[in-house]
Amino acid sequence: MEERQEVNIRELNARIERESSFVDMLEVEMGRVIVGQHHLVESLLIGLLADGHVLLEGVPGLAKTLAISTLAKSIDAKFARVQFTPDLLPADLIGTMIYSQKREEFEVKRGPIFANFVLADEINRAPAKVQSALLEAMQERQVTIGETTHKLPNPFLVLATQNPIEQEGTYPLPEAQVDRFMLKVRLDYPQKGEEQLIVRQNVRGQFPAPHAVVRPEDIVRAREVVREVYLDEKIERYIVDIVFATRRPSEYGLESFVPLIGYGGSPRASINLALAAKAYAFIKRRGYVVPEDVRAVTMDVLRHRVGLTYEAEAENISAEQIVTEVLNRVEVP
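Participant: So what's going on with the pairing of strand S5 (residues 117–121)? Which residues, and what values?
Facilitator: Buried residues dominate S5, accounting for five of its five residues. Here S5 shows a buried face lined by Phe117, Leu119 and Asp121 and a second buried face lined by Val118 and Ala120. Pairing geometry for S5 and strand S8 (residues 157–162), over four bridges, is parallel. Among the inter-strand pairings, valine 118 is bridged to a residue of S8, identified as valine 158.

Participant: Tell me about the pattern of salt bridges, and name the residues and values.
Facilitator: Per the stated rule, a full pass over the model turns up 22 salt bridges. For arginine 285, the salt bridge is made with aspartate 24, and the minimal N-O distance between the two is 2.6 Å. Taken together, the positions of arginine 285 in the loop between helix H11 (267–283) and helix H12 (291–302) and aspartate 24 in helix H2 (residues 21–33) put the pair 261 residues apart, joining distant regions of the chain. Measuring nitrogen to oxygen at the nearest pair gives 2.1 Å for the salt bridge that ties arginine 186 to glutamate 320. Remark: glutamate 320 occurs in helix H14 (residues 319–329) and arginine 186 occurs in strand S9 (residues 181–186); sequence separation between them is 134 residues. When salt bridges with common partners are traced through the structure, they connect Glu57, Lys184, Arg186, Asp300, Arg303 and Glu320 into a single cluster.

Participant: Talk me through the side chain of arginine 303; I want residue IDs and the actual numbers.
Facilitator: Turning to its location among the elements, arginine 303 is positioned in the loop between H12 and strand S11 (307–308). A polar atom in the side chain of arginine 303 sits 2.7 Å from the backbone oxygen of lysine 184. Within the local environment of arginine 303, its side chain forms a polar contact with the side chain of glutamate 320, the two groups lying 2.9 Å apart.

Participant: I'd like to hear about a nonpolar patch on the surface, residue by residue, with values.
Facilitator: On the surface, Met97, Tyr99, Phe106 and Val108 cluster together into a nonpolar patch covering about 380 Å² of accessible area. For the nonpolar patch, the elements supplying multiple residues, two or more each, are strand S3 (95–100) and strand S4 (105–110). Counting through the fold element by element, phenylalanine 106 comes out in strand S4.

Reading guide: rules and limits
Residues numbered from 1 in each chain as written. Predicted model: local features only at pLDDT ≥ 70, side-chain atom pairs only at ≥ 80, totals over all residues. Heavy atoms only, no water. Buried < 20%, exposed > 50% of the residue type's maximum accessible area, 1.4 Å probe, protein only. Helix = DSSP H or I, 4+ residues; strand = E, 2+ residues; numbered from the N terminus. Pairing = 2+ DSSP bridges. Salt bridge = Lys/Arg side-chain N within 4 Å of Asp/Glu carboxyl O. Polar contact = N/O pair within 3.5 Å; in protein donor to acceptor, adjacent residues only side chain to side chain. Patch = residues over 30% accessible without salt bridge, like charges linked within 9 Å, V, L, I, M, F, W, Y side chains within 5 Å. Areas by Shrake-Rupley, 256 points an atom, 1.4 Å probe, with all protein chains shown as cover.

What follows is the structure, encoded as structure tokens:
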């Protein structure tokens, strides 16, 4: 039995080596346009391959918009950018019914959500009505206009951004919506050398244009292969232990965190952790998941799923600190 499994792993490795060859082309193409921000590029690829959405948090000017538009152009896919504002209506996002005088009947006018890649810029500036309209699109991959339900294109990826500095006039995302994002990525400023290159490119006005190196069908096929990446039972238990440590910290020797954690990760956190780890292994051209893959994606998968109490906020303890301590305490298989 073990010998047959070993052969299967070998075959799977060879298959993933072939199927993941486009990842290098995508990374090279995005690297030509995006200076630095390797973690951002990697997170976008994980979200894309694991069929999950990405929430980006960072100050303005860190190439968030440029990154997703470059990814869309590299994949020859349709890209739409929606600037979220307090006066935005659900119809501005998903579309509406308009009356055609020529046909003397109502017809559907589709909104910008009908794209492969949707950038929801400053998502926390729109009211709850708009956020809930986006929720159906993200979870069900469909939208309802009038009495008709319309399927969204495949692949479909929502990249939402929010500015952590300015909170005036914003509508914080409810937990139910934040949980729909597979990853929450925090962006930091570029390194000195990277910023020097950014300045040089912008002063000269020389911006490399991305070329389409992958088709949307390749991504759809790659997603099926990602799900076939081997996840051992020990790794499954490791994933469940990490998530359970955020719910029942005292069982993992983290008694001091009991008054600090309001709620831990949901079962969706465990599912997303497994899928993100599989996508990470795929990007690394491997047919099986190792504990390092899980650890590499845990922070982005869990940082928005650990609820802090007022006591934690009073003591300036962040979700990142809790997740880091959980990773240090949970036994690695």
